[in-house]
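Below are the chains, spelled out letter by letter.
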Amino acid sequence: MSKICQITGISYQSGNNVSHSKRRVRRRFEPNLFVKKFYIPEQDAWVTLKVSCAGLRLINKIGIHAALKRAAANGIIANY
């Protein structure tokens, strides 16, 4: 499974490890992902999502139903 948030679409960023001598080596900054189960009362079903911390805050703010609709409208998830 890829390391992409299924609500916000956040994936990795690339950057450098910089040593004390200022040598630079490429690295990846991974998103802070969690695998969580959410209950959707409109469909009376549980769904398992891989969400970032920002995705969890969005779900807490607007609700799981609205967050899934927004992700589908932005093309992050296939259908909802």
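Here the structure is shown first, and the text comes after it.
Note that the structure is predicted; figures quoted are calculated from it, not measured. (Residues numbered from 1 in each chain as written. Predicted model: local features only at pLDDT ≥ 70, side-chain atom pairs only at ≥ 80, totals over all residues. Heavy atoms only, no water.)

> Hey, could you run me through the packing of aromatic side chains in this one?
The relative placement of two aromatic rings is captured by the distance of their centres and the angle of their planes. What the rule picks out here adds up to 1 aromatic pair. Taking 5.3 Å as the distance between ring centres and 55° as the angle between the ring planes, the aromatic pair formed by Tyr39 and Trp46 counts as tilted. Lying across the ring of Tyr12, Arg28 places its NZ or CZ 3.6 Å from the centre. (Phe/Tyr/Trp six-rings, centres within 6.5 Å; stacked < 30°, edge-to-face > 60°. Lys NZ or Arg CZ within 6 Å of the ring centre and 35° of its normal.)

> What's the story with the packing of helix 1 (residues 53-62) against helix 2 (residues 64-73) in this structure? I'm lost.
How two helices sit against one another is set out by the angle between their axes and by the gap between those axes. Interhelical geometry of helix 1 versus helix 2 gives an angle of 120° and a closest axis separation of 7 Å. Viewed along their axes, helix 1 and helix 2 adopt a mutual orientation that is oblique. Every residue of helix 2 that contacts helix 1 at Leu58, Ile59 and Ile62 is listed here: Ile64, Ala66, Ala67 and Arg70. Here the contact of helix 1 with helix 2 is built from residues that sort into 6 nonpolar, no polar and 1 charged. (Axes fitted to C-alpha atoms, helices over the stretch in contact; angles between N-to-C directions. Helix = DSSP H or I, 4+ residues; strand = E, 2+ residues; numbered from the N terminus. Parallel < 35°, antiparallel > 145°, perpendicular 65-115°, else oblique. Contact = heavy atoms within 4.5 Å. Nonpolar A, V, L, I, M, F, W, Y, C, P; charged D, E, K, R; others polar.)

> For this particular structure, what's the right way to read unusual backbone geometry?
Note: most peptide bonds trans; most residues except glycine with negative phi. One non-glycine residue, Lys22, lies in the positive phi region at around 65°. Taking the relative accessible area as the measure of exposure, Lys22 reaches 55% and is therefore exposed. (Buried < 20%, exposed > 50% of the residue type's maximum accessible area, 1.4 Å probe, protein only.)

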